[in-house]
Amino acid sequence: MSILTILEFPDEQLRKKAAPVKNIDDNIKQLIDDMLETMYHAGGIGLAATQVNVHLQILVIDTSEQKNDPLCLLNPEIISKEGAFEYKEGCLSVPEIFEKIIRPSHITVKGLNRHGEAIEIEAIDLLSTCIQHEMDHLRGKLFVDYLSTLKRQRIKTKLEKMHRLEGKE
Ligand code: GNR
Ligand code: NI
């Protein structure tokens, strides 16, 4: 197991579109385990492969209080959505920024589990938000894209400054 490096906005790699997983080999299983470990280590409730610079349609989520209910979804597709739910979102790729975003409150998603079996998940509120946030990552979209150009520009400037101070740039 290993902790992977999480890319941060405005890294252009976060804009890449992830390809479907064709077969779940040992490398993919290792990646899923590493993504879960990385998510728990970072204190997040979700992580998309895009964030660790792997451009495949893989996401992991755990919205449970006890952090003991991991969910892994490959090649996810939303098959229905309705309602509206507002939540103050954050992102491990946009550290220290939290903004209210409105998304559909009820979704049904299909995809594959880590064994390659077809699964369907009905999700509401926080889990629904989290799945949509992770699916956005897989198509190169970030929650800051829902904000005004001005707000997004301010966030970009702030993070660029942070990265310079950290010597990341
Ligand atoms: O840890 C996370 N919290 C969170 C809060 C509200 C909406 C979405 C999220 S996902 C985020 C982890 C992350 O960046 N996943 O891509
Ligand atoms: Ni995120």
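The structure displayed is predicted, hence computed values, not measured ones.

(A) Just the pairing of strand β3 (residues 71-82), in detail. Across 4 bridges, strand β2 (residues 58-61) lies against β3 in antiparallel orientation. Bridge pairing links Leu59 to Leu73 in β3. Inspection of the sheet shows β3 paired to strand β6 (residues 106-112) by 6 bridges, in the antiparallel sense. The partner of Ser80 across the bridge, within β6, is Thr108.

(B) Inspection of the site of ligand 1 at higher detail. In the vicinity of ligand 1 lie 13 residues, with Ile45, Gln51, Leu92, Glu134 and His137 positioned nearest. In this structure, a nitrogen atom belonging to ligand 1 sits 3.2 Å away from a main-chain N or O atom of Gly46. The contact in question runs from an oxygen atom of ligand 1 to an N or O atom on the side chain of His133, over 3.2 Å. Burial of ligand 1 by the protein chains amounts to 92% of its free accessible area of 380 Å². Going through the elements one at a time, β4 (85-91) and α2 (125-138) are the ones with two or more residues in the shell around ligand 1. Tallied by class, the residues present in the shell around ligand 1 amount to 4 nonpolar, 7 polar and 2 charged.

(C) Molecular detail of the pattern of salt bridges. Across all of its chains, the model carries 7 salt bridges by this definition. As a salt-bridge pair, Arg103 and Asp136 come within 3.0 Å of each other at their nearest N and O atoms. One end of the pair, Arg103, is in strand β5 (residues 94-103); the other, Asp136, is in helix α2, with 33 residues separating them in the sequence.

(D) Inspection of the packing of aromatic side chains at higher detail. Inspection of the entire model under this criterion finds 1 aromatic pair. A centroid spacing of 6.0 Å and a plane angle of 20° characterise the contact between Phe85 and Tyr87, whose relative ring orientation is stacked. A cation over a ring is seen here: Lys141 above Tyr146, with NZ or CZ 4.5 Å from the ring centre.

(E) View of the coordination of the nickel ion (ligand 2). In the first shell of the nickel ion (ligand 2), the protein supplies Cys91 (SG), His133 (NE2) and His137 (NE2), at 2.1 to 2.3 Å from the metal. Each donor residue of the nickel ion (ligand 2) lies on one chain, and together they are spaced C-x41-H-x3-H. Residue Cys91 is found in strand β4, and its partner His137 is found in helix α2; the two are separated by 46 residues along the sequence. Taken individually, Cys91 and His137 each receive the classification buried, so the pair is uniform in this respect.

(F) How the structure looks around the side chain of Asn75. As for its position among the elements, Asn75 is in strand β3. Only 2.8 Å separates the side chain of Asn75 from the backbone nitrogen of Val21, close enough to count as a polar contact.

(G) The environment of Gln13, seen in detail. Summarising the element assignment, Gln13 is placed in the segment before α1 (26-42). We classify Gln13 as partly exposed; its relative accessible area is 27%. On a C-alpha basis, the gap between Gln13 and Gln51 in space is 8.3 Å, while along the polypeptide they are 38 residues apart. Once residues within four sequence positions are removed from consideration, Gln13 is found in contact with Leu7, Thr50, Asn53 and His55.

(H) Expanded view of unusual backbone geometry. Along the chain, Phe9 connects to Pro10 via a cis peptide bond; the corresponding omega equals 5°. Note that Pro10 resides in the segment before α1. A positive phi angle, near 70°, is found at Glu96, a position not held by glycine. You can see Glu96 is positioned in strand β5. The phi dihedral of Asp125 falls on the positive side, at around 50°, and the residue is not glycine. Locating Asp125 in the fold gives a position in helix α2. Given the relative accessible area of 29%, Asp125 is considered partly exposed.

Criteria and cut-off values
For every chain, the first residue of its written sequence is number 1, and the numbers climb from 1 along that sequence. Naming scheme: in the order in which they are written, chains are lettered from A and ligands are numbered from 1. Only residues with pLDDT of at least 70 are given local features in this predicted model, and only at 80 or more are side-chain atom pairs given and counted; all residues enter the totals for whole chains, interfaces and linings. In computing side-chain values, all of the structure's heavy atoms are included and hydrogens and water are not. Any two strands are treated as partners once DSSP identifies two or more bridges connecting them. Secondary structure elements are taken from DSSP: a helix is a run of H or I of four residues or more, a strand is a run of E of two residues or more, and numbering for both begins at the N terminus. Residues are counted as near a molecule or strand when any one of their heavy atoms sits within 4 Å of it. Polar contact is the term for a pair of N or O atoms within 3.5 Å; when the atoms are in protein, one must be able to donate a hydrogen and the other to accept it, and sequence-neighboring residues count only if both atoms are side-chain atoms. All accessible areas in this document rest on Shrake-Rupley with a 1.4 Å probe, and a residue is counted as covered only by the protein chains that are shown. Each residue is assigned to one class: nonpolar for Ala, Val, Leu, Ile, Met, Phe, Trp, Tyr, Cys and Pro, charged for Asp, Glu, Lys and Arg, and polar for all the others, Gly among them. Salt bridges, as used here, are contacts in which a Lys or Arg side-chain nitrogen is within 4 Å of a carboxyl oxygen on Asp or Glu. Two aromatic rings, drawn from Phe, Tyr or Trp (for Trp, its six-membered ring), form a pair once their centres lie within 6.5 Å of each other, and the interplanar angle then sorts them: stacked below 30 degrees, edge-to-face above 60, tilted otherwise. Sitting over a ring, as applied to charges here, requires NZ of Lys or CZ of Arg to be within 6 Å of the ring centre and within 35 degrees of the ring normal. The donor set comprises N, O and S atoms within 2.8 Å of the metal, extended to 3.2 Å for Na, K and Ca; water molecules are omitted, so apparent gaps in a site may simply reflect that omission. Exposed residues in this analysis have more than 50% of their type's maximum accessible area, buried residues have under 20%, and partly exposed residues fall in between, with area computed by a 1.4 Å probe over protein chains only. We call two residues contacting when some pair of their heavy atoms lies within 4.5 Å.

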